[in-house]
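Notes for the structure review
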Amino acid sequence: MQAGALAAEPPARAPAPGLLLGSPPVSPPGDRGALPGVSSVMWYVSTRGMAPRVDFEGALFSGYAPDGGLYMPEELPQLDRETLRQWSTLSYPDLVKELCALFIGPQLISRDDLTGLVDRAFSRFRHKEVVHLSRLRNGLNVLELWHGVTYAFKDLSLGCTAQFLQRFLEKRKQRVTVVVGTSGDTGSAAIESVHGAKNVDIIVLLPKGHCTRIQELQMTTVLRENVHVFGVEGNSDELDEPIKAVFADVAFVKMHNLMSLNSINWSRVLVQMAHHFFAYFRCAPSLDTDPLPAVEVVVPTGAAGNLAAGCIAQKMGLPIHLAVVVNCNDIIHRTVQRGDFSLSGAVKPTLASAMDIQVPYNMERIFWLLSGSDSQGTRALMEQFERTQSVSLPEELHSKLSEAVASESVSDETITQTMSRCWEENRYLLCPHSAVAVSYHYQQTDRQQPSPPRCCLAPASAAKFPEAVLAAGLTPETPPEILALERKEARCVAMRKGDDWTLMLRDTIESLSRQRVISS
């Protein structure tokens, strides 16, 4: 979970769609400004160093940079003790506003407008705090990121990203078509964030039979004119192929204003930084000591979006230790432990299905960050990985990564044991992805390892994964609104084996463009 954990594979690295939607602002010569802050322009550069820098709007629309890299802030604001003390009493939404003010800038979105956009993004969350910390037995702190409409953490970042997107589209007087491939949760959160929007059409490809029944119904029962869902007879890797083919056609992308909302998008990483600040402020014993106390944040992940957000927060001065935990699809664990960034055969299906990911694409952001913004080195590393699917990190980079992040990999057996133990000790149901994180806490406490306070990120509600709850020998608890999905009308177009999926996707996109012309 693109605790980044609940992430689908991104489209292929075509020249960035947003750069083709109209020219996003590129920095004028010499306009570097002072240290980035609320009063200066925040510029974004590609991790591969071969693309012009852009402002937040340019990064939002682009996804990938034109050189195939991912956008990162050119400079990071450094937060002093006084700023951290001031932020320590803020609510989660207010922390999002502070971070977005730093990384967007008032030239693009005024502070008053930003407040309205973030409040609107969180208006349908079920919990008054938006994000809630559950304090359980024996020092177990679980940060519930799943109180949005689709019961997954992606509601947080996609809700805000969709608000920013619609604001800029209104300014540009444009309409876009968002194409999303999903392993389960990205699709439903993306649909929730834009359904009914007048300037966005969304096309979602879901892997029929490879996500839970609840995840599927959350997508297929949204019967809005701008929502188009396809059920693909294949897995999430296979459904990515037609998306990659479409995005590789640069002229087609430009003609139809296509974009993606996967976690390659900087806006999603930006909002996810707030998880780490909120976790720190809720779990730190006091901010009156010098140096400030540390908090360990445990991140279950697939595509490494939440991990990248944590590494950036660290670099800004937040005194957190990071532990990343994955299922048996362990490329990130092998990278941290041995510097072995390589594929290992096929994706293995697990109970934590949203973390069943081969290519954790946000690791590129982490490599760039920890290498001191070495775009040349990052480009060489990632291009070799794309050619050979295997890279050994340079010794210095591996050393910095293993200093910044601890890691662990867990089996399905450990996941179910963790879910059972947490229920027995706390009467608290974990989803399998959250259990991946909590298993690390149990491992550390059972070893009686001295550690700072620890906070486990919980990216989804157990209500979405009744199959895993049953596998753990527990009884699922299903909220009424999820039970109601079974009674709703569903709409989903089948992409069957033998069909030309790429042609079907192109035809749908072209049809939407024709309808726009007619309606205008």
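Since the model is a prediction, treat every value here as computed from it, not as a measurement.

Concerning the overall build of the chain
Secondary structure assignment for the chain yields 20 helices and 15 strands. Here the C-alpha radius of gyration of the chain, 21 Å, is about what a compact globule of 520 residues would show, namely 24 Å. Expressed along its principal axes, the backbone C-alpha trace of the chain runs to roughly 65 × 60 × 45 Å. Within the chain, residue pairs in contact and separated by at least 24 positions form 77% of the contacts whose partners lie at least 6 positions apart. Summed over all atoms, the accessible surface of the chain reaches about 19,000 Å², with 49% contributed by carbon and sulfur.

As for the UniProt feature "domain: Threonine synthase N-terminal" (unreviewed entry) in the chain
With numbering matched to this structure, UniProt assigns "domain: Threonine synthase N-terminal" (unreviewed entry) to residues 44-122. Here residues 44-122 is 48% helix and 8% strand, with 26 Å between the C-alpha atoms at its ends.

What about the nonpolar core?
Phe103 and Phe277 are the most contacted members of the largest nonpolar core, which totals 119 residues. Here this core gets twelve residues from one element, more than from any other, and that element is helix 10 (residues 266-283). In this structure, phenylalanine 103 is in contact with Met42, Tyr44, Phe56, Pro73, Leu76, Pro77, Trp266, Leu270, Met273 and Met316, ignoring residues within four places of it in sequence. Counting residues in hydrophobic clusters, the runner-up holds 33 residues, among them Ala352, Leu429, Ala468 and Leu474.

Focus: the pattern of salt bridges
Taken as a whole and judged by the stated rule, the model has 27 salt bridges. Of the charged contacts in the structure, one is a salt bridge between glutamate 364 and arginine 48, with a shortest N-O distance of 2.9 Å. In this pair, glutamate 364 sits in helix 13 (residues 363-370) while arginine 48 sits in the loop between strand 1 (44-46) and helix 1 (56-62), placing the two residues 316 residues apart along the sequence. With respect to class, glutamate 364 is no different from arginine 48; both count as buried. In this structure, lysine 464 engages aspartate 185 in a salt bridge whose closest nitrogen and oxygen atoms are separated by 2.1 Å. Remark: aspartate 185 occurs in helix 6 (residues 185-194) and lysine 464 occurs in the loop between strand 14 (454-458) and helix 18 (466-471); sequence separation between them is 279 residues. Pair check on accessibility: lysine 464 and aspartate 185 agree, each one buried. Through salt bridges with shared partners, a single ionic network connects Asp330, Arg334, Arg338 and Asp340.

Concerning unusual backbone geometry
Omega for the peptide link from aspartate 290 to proline 291 comes to 0°, which places this bond in the cis form. Take proline 291: it is sitting in the loop between helix 10 and strand 9 (295-300). Its identity as a non-glycine residue notwithstanding, lysine 173 has a phi of 55°, on the positive side. With respect to the helices and strands, the residue lysine 173 is situated in the loop between helix 5 (154-172) and strand 5 (176-181). Exposure remark for lysine 173: the relative accessible area of 74% places this residue in the exposed category. A positive phi angle, near 75°, is found at alanine 304, a position not held by glycine. Secondary-structure assignment places alanine 304 in the loop between strand 9 and helix 11 (305-315).

Calculation criteria
- Residues numbered from 1 in each chain as written.
- Predicted model: local features only at pLDDT ≥ 70, side-chain atom pairs only at ≥ 80, totals over all residues.
- Heavy atoms only, no water.
- Helix = DSSP H or I, 4+ residues; strand = E, 2+ residues; numbered from the N terminus.
- Rg over C-alpha atoms; globule rule 2.2 N^0.38 Å.
- Contact = heavy atoms within 4.5 Å.
- Areas by Shrake-Rupley, 256 points an atom, 1.4 Å probe, with all protein chains shown as cover.
- UniProt positions renumbered as here; feature names shortened; annotations may be inferred.
- Core = buried A, V, L, I, M, F, W, Y, C linked by side-chain atoms within 4.5 Å.
- Buried < 20%, exposed > 50% of the residue type's maximum accessible area, 1.4 Å probe, protein only.
- Salt bridge = Lys/Arg side-chain N within 4 Å of Asp/Glu carboxyl O.

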